[in-house]
Amino acid sequence: DRSASMGEPAGQPLELAKAELLRSLDQLGEVQQFYVIFYNERMHLFSPSAGGRLVFATEDTKRAARRFVESVRAAGGTRHADPLAAALRLAPDAIFMLTDGDGPDDLTEAEYARLVESLGRTRCLIVQFGGGDGVRSPRLARLAAQSGGEYKVVEAAE
């Protein structure tokens, strides 16, 4: 999520998400594959090669991903469904989603149903910044549970 709210306070949630993403990419071996999607109302895709498919974690692709991630800025609103659908079309083992979207930004029931139909074997691991105990986006939490993944709410400062 690269929405404007991820830039407040002082860019903290987005910068934390980017740092964690880069740390995770650095740990990948060359036989592992990945893809990166940032989004607000639109998707911003990492496209080192034509075709929009998972890429091997070579030093070159990780370097290109680092440049891509570092170029991302917070702006706009939050729409989760299209980027989640795009990620599921890649058929990865797991989707790691970092967002601060509130309840009003949650998936609609129809979006949730379409995504569940597309899950396959993909697990969704969703971290929602903003603190407070409990579920902030019930359908995102249900999607994570349905996929065998996990949903967690954390303070941006954690």
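Engineer: Tell me what's going on with the sheet that holds strand β7 (residues 150-154), and back it up with residues and numbers.
Structural biologist: Taken in spatial order, the three strands of this open sheet run β5-β6-β7, and their pairing is parallel. The outermost strands of the open sheet, each flanked by one partner alone, are β5 (94-99) and β7. With strand direction ignored, the average angle separating the axes of adjacent strands in the sheet is 10 degrees. As judged from the five bridges shared by strand β6 (residues 123-129) and β7, these two strands associate in the parallel manner. Considered in β7, the bridge of Leu 125 is made with Glu 150.

Engineer: Go over the confidence of the model for the protein with me, naming the residues and quoting the values.
Structural biologist: Confidence along the protein averages 91 in pLDDT terms, with 94% of residues attaining 70 or more. When mean pLDDT is taken per element in the protein, helix α4 (residues 109-118) scores highest with 98 and β7 scores lowest with 91.

Engineer: How would you sum up the nonpolar core? Please name residues and give values.
Structural biologist: Membership of the largest hydrophobic core comes to 19 residues, with the highest contact counts inside it found for Leu 84, Leu 107, Ile 126, Leu 140, Leu 143 and Tyr 151. Looking at this core, the elements with two or more residues in it are α3 (81-89), β5, α4, β6, α5 (138-146) and β7. Residues contacting Leu 84, with those up to four places away along its chain left out, are Ile 95, Met 97, Leu 107, Leu 115, Leu 140 and Leu 143. Counting 18 residues, the second-largest nonpolar core is a separate cluster that includes Met 6, Leu 22, Val 55 and Val 72.

Engineer: Report on unusual backbone geometry, specifying residues and quantitative values.
Structural biologist: For residues that are not glycine, phi is negative in most cases, and the peptide bond is trans in most cases. The linkage connecting Glu 8 with the following residue, Pro 9, adopts the cis geometry, with an omega of 0 degrees. With respect to the helices and strands, the residue Pro 9 is situated in the segment before α1 (12-26). A positive phi angle, near 55 degrees, is found at Ala 91, a position not held by glycine. One can find Ala 91 in the loop between α3 and β5.

Engineer: Quick one: what's the story with the packing of aromatic side chains, residue by residue and with numbers?
Structural biologist: To describe a pair of aromatic rings, one takes the distance between the centres and the angle between the planes. If you walk through the whole model with that rule in mind, you get four aromatic pairs. Between Phe 34 and Phe 46, the ring centres sit 5.8 Å apart and the planes meet at 15 degrees, which makes this aromatic pair stacked. Remark: Phe 46 occurs in the loop between β3 (43-45) and β4 (55-56) and Phe 34 occurs in strand β1 (residues 33-34); sequence separation between them is 12 residues. Like Phe 34, the residue Phe 46 is buried in the burial classification. Residues Phe 38 and Phe 68 carry aromatic rings whose centres are separated by 5.9 Å and whose planes lie at 55 degrees to one another, so their mutual orientation is tilted. One end of the pair, Phe 38, is in strand β2 (residues 37-39); the other, Phe 68, is in helix α2 (residues 59-71), and 30 residues separate them in sequence.

Conventions and cut-offs
- Residues numbered from 1 in each chain as written.
- Predicted model: local features only at pLDDT ≥ 70, side-chain atom pairs only at ≥ 80, totals over all residues.
- Heavy atoms only, no water.
- Pairing = 2+ DSSP bridges.
- Helix = DSSP H or I, 4+ residues; strand = E, 2+ residues; numbered from the N terminus.
- Axes fitted to C-alpha atoms, helices over the stretch in contact; angles between N-to-C directions.
- pLDDT = per-residue confidence, 0-100.
- Core = buried A, V, L, I, M, F, W, Y, C linked by side-chain atoms within 4.5 Å.
- Buried < 20%, exposed > 50% of the residue type's maximum accessible area, 1.4 Å probe, protein only.
- Contact = heavy atoms within 4.5 Å.
- Phe/Tyr/Trp six-rings, centres within 6.5 Å; stacked < 30°, edge-to-face > 60°.

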